[in-house]
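Each chain is listed here by its residues.
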Amino acid sequence: MNISGWIQLILFTSILLAITKPLGLFLIQVLDANGKTFLDPVIKPLEKLTYKLTGVDPKKEHDWKQYATAMLLFSLVSMLFTYVILRLQAVLPLNPQKMGVIIEHLAFNTAASFTTNTNWQSYGGESTMSYLSQMVALALHNFVSAAVGIGIAAALVRGIARHTAKTIGNFWVDLVRSTYYLLLPICLVFAIFLISQGMIQNFKPYDTASLADPYTIQVAKVDDAGNAVNGPDGKPVMVDKTIDTQTIVQGPMASQIAIKMLGTNGGGYTNANAAHPYENPTPLSNFLQMLAIFAIPSGLTYYLGRMVKNQGHGWAVWAAMFVIFLGGVLVCWHYEAAGNPILTQFGVDPAGGNMEGKEVRFGIFNSALFATITTDASCGAVNAMHDSFTPLGGLVPLLNIELGEIIFGGVGAGLYGILIFIIIAVFIAGLMVGRTPEFLGKKIEPYDIKMASLVILVLAFSILGFSAWACMSKWGLPDPVTHQLTDGTNNNGPHGFTEILYAYSSCTGNNGSAFAGIGTNTPWYNTTLGFATLFGRFAMIVPILALAGSLARKKRVPESAGTFPAHGPLFTLLLVGTILIVGALTFFPALALGPIVEHFLMHAGKLF
Amino acid sequence: MKTIFKETLRAVMATLVLAVILCGIYPVVIYGIGQLLFPHQANGSLIESNDRRIVGSEWLGQNFTSAKYFHPRPSAAGSGYDASNSSGTNLGPTSQKLIDAVKAAVAQYRTENNLPADALVPADAVTSSASGLDPHISVQNAQLQVARVSKVRGLSIDAVKAAVDKATDGPSLGIFGEAGVNVLKLNLALDNLATK
């Protein structure tokens, strides 16, 4: 844990803090159907045209059921749109590499995953997706799933801020305005910046480079039909193959990566995601990508404060998020910098830290910071392979996801997620003093607590339920004797279990990062993980909209001496405590079987 | 029922309109501006040889195994530095395969660079990167390879060290990230020194 790391951490925090208020103020205008922004002269005509083409009346607001219906229908239609393009990519244009048909279960998983802002990838982008699939089928959801998230958060905030009201906003207006005024303009600037750093943006076929130093590898011999040839001993016959070229990936990357980060999507253009030198060329591009993840979620806390007319509440929520974020970074950084004691025994310099699965230009600190941020939020882009982190370094991203990704969180998703925890925290505080809990002038009643509990239970049920099923079934663990996973080539022991747990946590949490050693491109994994993403998104959003509707209908109760203040350090502390206790009680047993036991085994030198 | 039908129609229209703007106009505008302002980067930062053949990209590491070249980190991308299959090993810290691979790499690194049997080896030299295409090695790793390269090439230590310094990308703006030596650029520069 070196000085340069501390300086970068302080710099990151300062800039994040500095952009929170301006972004929050901007969000207030964006999320108001009559809001005014400096972009109006350019974008207003486009907004009006879109309403006209889609037949939307921006003056008409939705009650929670209408809002939910519109949101679900839009998600369903746009998911089908993506599914169809993926299935047809082989015959569609913009496919210079002649990428083939995407099989049903992979297309379902990918469509579900991108629609829900998860961006779990059972495929490697550069070897699977055509330019059209990347640019249209996938990047569309990078924008709209983020905009839907922002809309839901705004609807819930309106529910809190309004009283004796029936409506919580218009879904289509929230969708269009978030996309046009917020996401698109920032992406236009950000994408150009990313190109300046070395990111590609073109439509040409992949290039071929001739190597200065050709080398020879051993490959299995194949006959004319493409089948491996076995020798008399039954083993495949190996032949020498000279590698003298390198295929260089091309395509429209920058436009997609800008929204991938800003919209906390995280789906990589390439298999290596933000670790790929094209997808994250310099430490500076890395820094701004991290900032892009947290920018809107951080701004939304200010938006919350301003909307409920209690800026102290907004900052108290920001502070609670920041405290857990900081804790995560420091733990992850500490364990990654300490390195793997087993490797030290064999002569690896411990000063370098755990460099397996990390890039030299990012080093230990920026890998740990990125891993924490991407899982605090529901981004899921990775600039280092979480699977190769030390056990406790890798515990941090996993736990972040399991806490519900409410530490700044996904765009919109982070805010509505933490509001659920706030309701629970206020409820607990109410129980402690024996009063009906109140939150910002609203009585919190059984219906509200039921909806909030439902959200938390869906998360736990989907993560633990699916993980348990995978561990107990022949599809999750094909070989009951060796307990080897899927393709039988990667990690065993507690680390193998962590890979499964991480996969369902990531999908249910709509994160999308992976302990990527697990090969999930099988019909069973693609289907169950796809459903986990859908539960994690829609089984949470619908109760949240119901809660928004319920809160909006309530009368305002005047503050009294017994009202628990929703601002200040005591509130922050209560909120942090609630998040950690709920998360720990739910997931500690599973974590003990995975990363925690692995930590002790690693120090005992046990290998798998 | 009628409202559901109307909302579905609206969802279809919204998907199409947004797709045109976000997936048609937006990426093409970025393409146009990128090609205008930063054509080198937007097309992959390709490096061409004197006879106009593409020899690589500044950002993508390549495999070098000959003694006269600086060696990159181990790579899990395809058969090694396969830029169409970026990947890390994804092996966990208690994986037997990881430990075996690192052990072998440590032994090879010590032999190649004529280091004592108990010398500590830089972590990046024996571990695989996240992308399998890491263009950089650490400065410490490069320094340990200088003696070998200068001996094989018959160049002075100082000349090779100067080439290493020239190929070192510092932290961005002096603050962000870590310094690293770009292996491909360094090796191509050494080849150019030799032909002069």
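Every value quoted in this text rests on a predicted model; they were computed, and no experiment measured them.

1. Quick word on the overall build of chain A
Secondary structure summary: chain A contains 18 helices and four strands in total. The globule rule puts the C-alpha radius of gyration for 608 residues at 25 Å, and the 24 Å found for chain A is close to it. The principal-axis extents of the C-alpha atoms in chain A amount to approximately 85 × 55 × 45 Å. Expressed as a percentage of its 608 residues, the buried residues of chain A come to 65%. The long-range fraction of contacts in chain A, counting pairs at least 24 apart against all pairs at least 6 apart in sequence, stands at 80%. Within the structure as shown, chain A displays about 20300 Å² of accessible surface, and the carbon and sulfur contribution to it stands at 68%. Here chain A holds 34 positive side-chain charges and 33 negative ones, and the gap between their average locations is 17 Å.

2. Notes on the side chain of Ser 78 of chain A
All names here are of chain A. The topology assignment puts Ser 78 in helix H3 (residues 64–88). Taking the relative accessible area as the measure of exposure, Ser 78 reaches 1% and is therefore buried. Among the polar contacts made by the side chain of Ser 78, one reaches the main-chain carbonyl oxygen of Phe 74 at a distance of 2.8 Å.

3. A look at the interface of chain B and chain A
Many structure descriptions define interface size as the accessible area lost when the parts assemble. Of the residues lining the interface, 101 residues belong to chain B; the matching set on chain A comes to 112 residues. A buried area of about 8600 Å², summed over both sides, lies between chain B and chain A, and 65% of it is on carbon and sulfur atoms. Looking only at chain B, the three residues that lose the most surface to chain A are Tyr 26, Asn 90 and Thr 94 of chain B, adding up to 9% of its buried area. Linking chain B with chain A are zero salt bridges, by the criterion used here. Contributions of two or more residues to the side of chain B that touches chain A are made by helix H1 (2–37), helix H2 (39–42), strand S2 (54–57), helix H3 (96–112), helix H4 (123–126), strand S3 (136–137) and helix H7 (183–195) of chain B. Looking at the side of chain B that touches chain A, the element that brings in the most residues is H1 of chain B, giving 25 residues. In the side of chain B that touches chain A, the residues fall into 51 nonpolar, 39 polar and eleven charged.

4. Some remarks on the domain arrangement of chain B
When its domains are assigned, chain B resolves into domain 1 (2–41) and domain 2 (48–195). Each of domain 1 of chain B and domain 2 of chain B has a C-alpha centre, and these two points are 41 Å apart.

5. Here we look at the sheet that holds S3 of chain B
Residue and element names in this part refer to chain B. With antiparallel pairing, the three strands of this open sheet are ordered in space as S3-S5-S4. Each edge of the open sheet carries a strand with a single partner, namely S3 and strand S4 (168–169). Where S4 meets strand S5 (residues 180–182), two bridges bridge the pair, whose relative direction is antiparallel. In the sheet register, Thr 168 faces S5, and the bridge partner there is Val 181.

6. A closer look at the packing of aromatic side chains
The full count for this structure, using the stated rule, is 32 aromatic pairs over all chains. On the numbers, 6.4 Å between centres and 5 degrees between planes, the contact of Phe 190 of chain A with Phe 193 of chain A is stacked. In this pair, Phe 190 of chain A and Phe 193 of chain A are both assigned in helix H7 (residues 171–197), three residues apart and thus about one turn of the helix distant. Residue classification places Phe 190 of chain A among the buried residues on the basis of a relative accessible area of 9%. Grouping aromatic residues by their ring pairs yields a cluster made of Phe 12, Phe 287, Phe 294, Tyr 302, Trp 315, Trp 318, Phe 322, Phe 325 and Phe 408 of chain A together with Phe 176 of chain B.

7. A look at a nonpolar patch on the surface
Together, Leu 188 and Val 189 of chain A together with Val 20, Ile 25, Val 29, Ile 33, Leu 36 and Leu 37 of chain B make up an exposed nonpolar region whose accessible area comes to about 710 Å². Those elements that place two or more of their residues in the nonpolar patch are H7 of chain A together with H1 of chain B. Here the element with the most residues in the nonpolar patch is H1 of chain B; it accounts for six residues. Structurally, Ile 33 of chain B is set in helix H1.

8. Some thoughts on the packing of helix H10 (residues 311–338) of chain A against helix H13 (residues 391–402) of chain A
All names here are of chain A. Between H10 and H13, whose axes approach to 7 Å, the crossing angle comes to 155 degrees. The angle between the axes of H10 and H13 places the two elements in the roughly antiparallel class. Handedness of the H10/H13 crossing: left-handed. Residues Gly 328, Val 331, Cys 332, Tyr 335 and Glu 336 of H10 form the contact with H13, whose participating residues are Leu 392, Gly 393, Gly 394 and Val 396. For the contact of H10 with H13, a count of residues per class yields five nonpolar, three polar and one charged.

9. A closer look at helix H1 (residues 3–30) of chain A
Here H1 of chain A spans 40 Å end to end across 28 residues, near enough to the 40 Å set by a 1.5 Å rise per residue. The sharpest bend along H1 of chain A comes to roughly 30 degrees, located at Thr 20 of chain A, with the proline Pro 22 of chain A sitting one to four residues further on.

10. Quick word on the side chain of Asn 141 of chain B
All names here are of chain B. Relative to the assigned elements, Asn 141 resides in helix H5 (residues 139–153). A distance of 2.7 Å separates polar atoms of two side chains, one belonging to Asn 141 and the other to Tyr 109. Setting aside residues up to four positions removed in sequence, Asn 141 forms contacts with Tyr 109, Pro 122, Asp 124 and Ala 125.

11. What about the environment of Phe 193 of chain A?
Phe 193 of chain A sits 219 residues away from Gly 412 of chain A along the chain, and the two C-alpha atoms are 25 Å apart. When neighbours within four sequence positions are excluded, Phe 193 of chain A is seen to be in contact with Leu 284, Ser 285 and Leu 288 of chain A.

12. Let's talk about the environment of Gly 35 of chain A
Residue and element names in this part refer to chain A. Within the element layout of this structure, Gly 35 appears in the loop between H1 and helix H2 (40–54). For Gly 35, a relative accessible area of 2% gives the class buried. With 142 residues separating them along the chain, Gly 35 and Arg 177 place their C-alpha atoms 9.7 Å apart.

13. Here we look at H2 of chain A
Helix length check: H2 of chain A (15 residues) gives 20 Å between terminal C-alpha atoms against 21 Å at 1.5 Å per residue, within 8%. Against the buried residues of H2 of chain A lie H7 of chain A together with H1 of chain B. Backbone geometry just downstream of H2 of chain A places Gly 55 of chain A in the positive-phi region, at approximately 65 degrees.

About the criteria used
- Position numbers for residues count from 1 along each chain, tracking the sequence in the order it is written.
- The order in which chains are written sets their letters, starting at A; the order in which ligands are written sets their numbers, starting at 1.
- Predicted model: local features are reported for residues with pLDDT of at least 70 only, side-chain atom pairs are reported and counted for 80 or more only, and whole-chain, interface and lining totals are derived from all residues.
- Excluded from the side-chain calculation are hydrogens and water; included are all heavy atoms of the structure.
- Numbering goes from the N terminus for both helices and strands, where a helix is a DSSP run of H or I of at least four residues and a strand is a run of E of at least two.
- Radius of gyration: C-alpha atoms only; globule rule: 2.2 Å multiplied by the number of residues to the exponent 0.38.
- A simple rule labels every residue: compare its accessible area, found with a 1.4 Å probe on the protein chains alone, to the largest value its type can have, and call it buried under 20%, exposed over 50%, or partly exposed in between.
- A contact between two residues is defined here by any heavy atoms of the two lying within 4.5 Å.
- The method behind every accessible area is Shrake-Rupley, applied with a 1.4 Å probe, and residues are considered shielded solely by the protein chains displayed.
- The positive count covers Lys and Arg only, the negative count covers Asp and Glu only, and His and the chain ends enter neither.
- Here the site of a charge means atom NZ of a Lys, CZ of an Arg, CG of an Asp or CD of a Glu.
- Polar contact criterion, stated in full: a pair of N or O atoms within 3.5 Å, where within protein one must be able to donate a hydrogen and the other to accept it, and residues adjacent in sequence count only if both atoms are side-chain atoms.
- Buried area is a sum: the accessible area each of two parts loses on coming together, probed at 1.4 Å, counted once for each and added.
- Salt bridges are defined by distance alone: a side-chain nitrogen of Lys or Arg within 4 Å of a carboxyl oxygen of Asp or Glu.
- The residue classification treats Ala, Val, Leu, Ile, Met, Phe, Trp, Tyr, Cys and Pro as nonpolar and Asp, Glu, Lys and Arg as charged. All others, Gly included, are polar.
- Residue ranges for the domains originate in an automatic or database domain assignment.
- Strands pair, by our definition, only if DSSP identifies at least two bridges between them.
- Aromatic pairing here means that ring centres of Phe, Tyr or Trp (its six-membered ring) are within 6.5 Å. Orientation follows from the plane angle: under 30 degrees is stacked, over 60 is edge-to-face, and everything else is tilted.
- Without a salt bridge and with relative accessible area above 30%, a residue can belong to a patch; like charges are then joined within 9 Å and nonpolar side chains (Val, Leu, Ile, Met, Phe, Trp, Tyr) within 5 Å.
- All axes are obtained by fitting lines to C-alpha atoms, using only the stretch in contact for helices, and the reported angles, taken between N-to-C directions, cover 0 to 180 degrees.
- For classification purposes, an angle smaller than 35 degrees is called roughly parallel, one larger than 145 roughly antiparallel, one from 65 to 115 roughly perpendicular, and anything else oblique.
- Should the near helix be turned counterclockwise from the far one by less than a right angle, the crossing is left-handed, whereas a clockwise turn marks it as right-handed.
- Expected span, for any helix, means 1.5 Å times one less than how many residues it has.
- One axis is fitted to the seven residues ending at the residue and one to the seven starting there. The bend at that residue is the angle between these axes.

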